[in-house]
Amino acid sequence: MGRVLLLGGTSEANALAGALAEAGWPAVYSYAGRVAAPRARPLPVRVGGFGGVEGLGAYLRAEDIAAVVDATHPFAARISANARAACAAEGVPLIAFERPAWRAGPGDRWMHVADPAAAAAALPPEPTTVFLAIGKQGLAPFAARLGYRYLLRLVDPPESPPLAGAAVVIARGPFTVAGDLALMRAHRVGLVVAKNSGGAGAEAKLIAARDLGLPVIMIDRPASPDRRVAGTVAEVMRWLAHEACLGV
């Protein structure tokens, strides 16, 4: 039975880690370590980056990795690209475990943009309270947009104020529609900025925005490298057992 490297940090990765542990599959769970207090994992854990494509390739060789599952966040473009390149160079099978993107439905008022800088540029001319539901990454462009009130929801307390005068809520998902409705009403939110990360854990803010008739500036996902993609734990497990030829 070959050893699996699970590149994680998402709820999908957590579900797969549980399935691998339950099946007794030798695997290691790797995540970037941007969260100060991660939840307990059912697999051995490593924290931090690998040092680019060469560093990841060296890790694959040193740890005798037989297959890699990329279950990182849809916006973790660098590690996904590095995984694709390192696996190709080392001849290690790779599959991505990817959650579907959100799609606008009836009643949604979405504007699609390519990145946080474009989202900041798309803010309306009239100052309002902006719910920046994008984590700590990508906040810099909004610092130059003066006159707006910002609401941030973060997993960990920031070491320093990420945006001057911003209201910061510390919370960890999954979130509820009722909770997000209450949050937006309490802060008089007039606009939501979100990354299209997909999944059910953070979708509540979009449903709440729809219910309140609020516009959403949606940052689209970066382009993914060419790779095999699975949408369920069962599909990944079948691929590991059969197409990756690791056995069971």
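Parameters and conventions
- The numbering scheme is per chain: residues are counted from 1 as the chain's sequence reads.
- Under the rules for a predicted model, residues below a pLDDT of 70 receive no local features and side-chain atom pairs below 80 are neither given nor counted, while totals for whole chains, interfaces and linings still include all residues.
- Excluding hydrogens and water, the side-chain values take into account all heavy atoms of the structure.
- Between any two strands, at least two bridges found by DSSP are needed for them to pair.
- Each helix is a run of H or I in the DSSP string that is no shorter than four residues. Each strand is a run of E no shorter than two, and both are numbered from the N terminus.
- Here an angle of 0 to 180 degrees is reported between the N-to-C directions of two axes, which are lines fitted to C-alpha atoms, with helices fitted over the stretch in contact.
- Residues count as neighbours in contact if any of their non-hydrogen atoms are within 4.5 Å of one another.
- Per-residue accessibility, obtained with a 1.4 Å probe over protein chains only, is compared with the maximum for each type, and a residue is labelled buried under 20%, exposed over 50%, and partly exposed between these values.
- By definition, the crossover connecting two strands over a helix is right-handed if that path, from the first strand to the second, turns clockwise as seen with the strands pointing away from the viewer.
- A helix is expected to reach a length of 1.5 Å times the quantity of its residues less one.
- Within this analysis, the arc is defined by the directions that extend from the helix axis to the C-beta atoms.
- Pairs of N or O atoms are called polar contacts if they sit within 3.5 Å, as long as, within protein, a hydrogen donor faces a hydrogen acceptor (for residues adjacent in sequence, only side-chain-to-side-chain pairs).
- Residues grouped as a nonpolar core are buried Ala, Val, Leu, Ile, Met, Phe, Trp, Tyr and Cys residues, joined through side-chain atoms within 4.5 Å.

S.K.: Can you break down the sheet that holds strand E8 (residues 149-154) residue by residue, with the values?
M.R.: Spatially, the 6 strands line up as an open sheet ordered E6-E11-E10-E7-E8-E9, and their pairing is parallel. Of all the strands in the sheet, just strand E6 (110-113) and strand E9 (167-170) have a single pairing partner and so form its edges. Sheet twist, expressed as the mean angle between neighbouring strand axes with direction ignored, is 20 degrees. Across 4 bridges, E8 lies against E9 in parallel orientation. Within E9, the position partnered with leucine 151 by the bridge is alanine 167. Its contacts with the sheet place helix H6 (residues 177-186) against strand E7 (129-133), E8, E9 and strand E10 (189-195), and it is angled at close to 150 degrees to E8.

S.K.: Tell me what's going on with the pairing of strand E11 (residues 216-219), and back it up with residues and numbers.
M.R.: Burial of E11 is two-sided: the residues Val216 and Met218 facing one way and the residues Ile217 and Ile219 facing the other way are all buried. Looking at chain direction, E6 and E11 are connected through 4 bridges and run parallel. Of the residues in E11, the one forming a bridge with methionine 111 is isoleucine 217. Here E10 pairs with E11 via 4 bridges, running parallel. Bridge pairing in E11 places lysine 195 opposite isoleucine 219. With helix H7 (residues 204-212) bridging E10 and its parallel neighbour E11, the resulting β-α-β unit is right-handed.

S.K.: So what's going on with helix H1 (residues 11-22)? Residues and values would help.
M.R.: Between its terminal C-alpha atoms H1 stretches 17 Å, which fits the 16 Å expected from 12 residues at 1.5 Å a residue. Where H1 is concerned, the buried positions are Glu12, Ala13, Leu16, Ala17, Ala19 and Leu20. Axial view of H1: buried residues confined to an arc of 165 degrees, hence all on one face. Contact partners of the buried residues in H1: strand E1 (3-7), strand E2 (27-31), strand E4 (65-70), strand E5 (94-97) and helix H8 (233-243). Just downstream of H1, glycine 24 is the residue with a positive phi angle, here 75 degrees.

S.K.: Tell me what's going on with the side chain of threonine 129, and back it up with residues and numbers.
M.R.: You can see threonine 129 is positioned in strand E7. Among the residues examined, threonine 129 registers a relative accessible area of 5% and is labelled buried. Here the side chain of threonine 129 touches arginine 149 through a polar contact of 2.8 Å, side chain to side chain. Apart from the residues lying within four places of it in its own chain, the contact partners of threonine 129 are Arg149, His187, Arg188, Val189, Gly190 and Leu191.

S.K.: Account for the nonpolar core, with residues named and values stated.
M.R.: Counting 23 residues, the largest nonpolar core has Leu6, Leu16, Leu20, Val69, Val236 and Leu240 as the members making the most contacts within it. Listing elements by their share of this core, those giving two or more residues are E1, H1, E2, E4, E5 and H8. Residues within four places of leucine 20 in sequence aside, it is in contact with Leu6, Trp25, Ala27, Leu43, Met237 and Leu240. Residues Val113, Ala120, Leu152 and Ile219 belong to the second largest nonpolar core, which totals 20 residues.

S.K.: How would you summarise unusual backbone geometry if you had to cite specific residues and measurements?
M.R.: A cis geometry characterises the amide bond from glycine 173 onward to proline 174, with omega recorded as 10 degrees. Counting through the fold element by element, proline 174 comes out in the loop between E9 and H6. Of note, the phi angle at aspartate 64 is positive, near 55 degrees, even though the residue is not glycine. Within the secondary structure, aspartate 64 is located in the loop between helix H2 (52-62) and E4. In this model, arginine 188 sits at a positive phi of 55 degrees, which is unusual for a non-glycine residue. With respect to the helices, strands and loops of the structure, arginine 188 is situated in the loop between H6 and E10. Under the relative-accessibility criterion, arginine 188 is labelled exposed at 71%.

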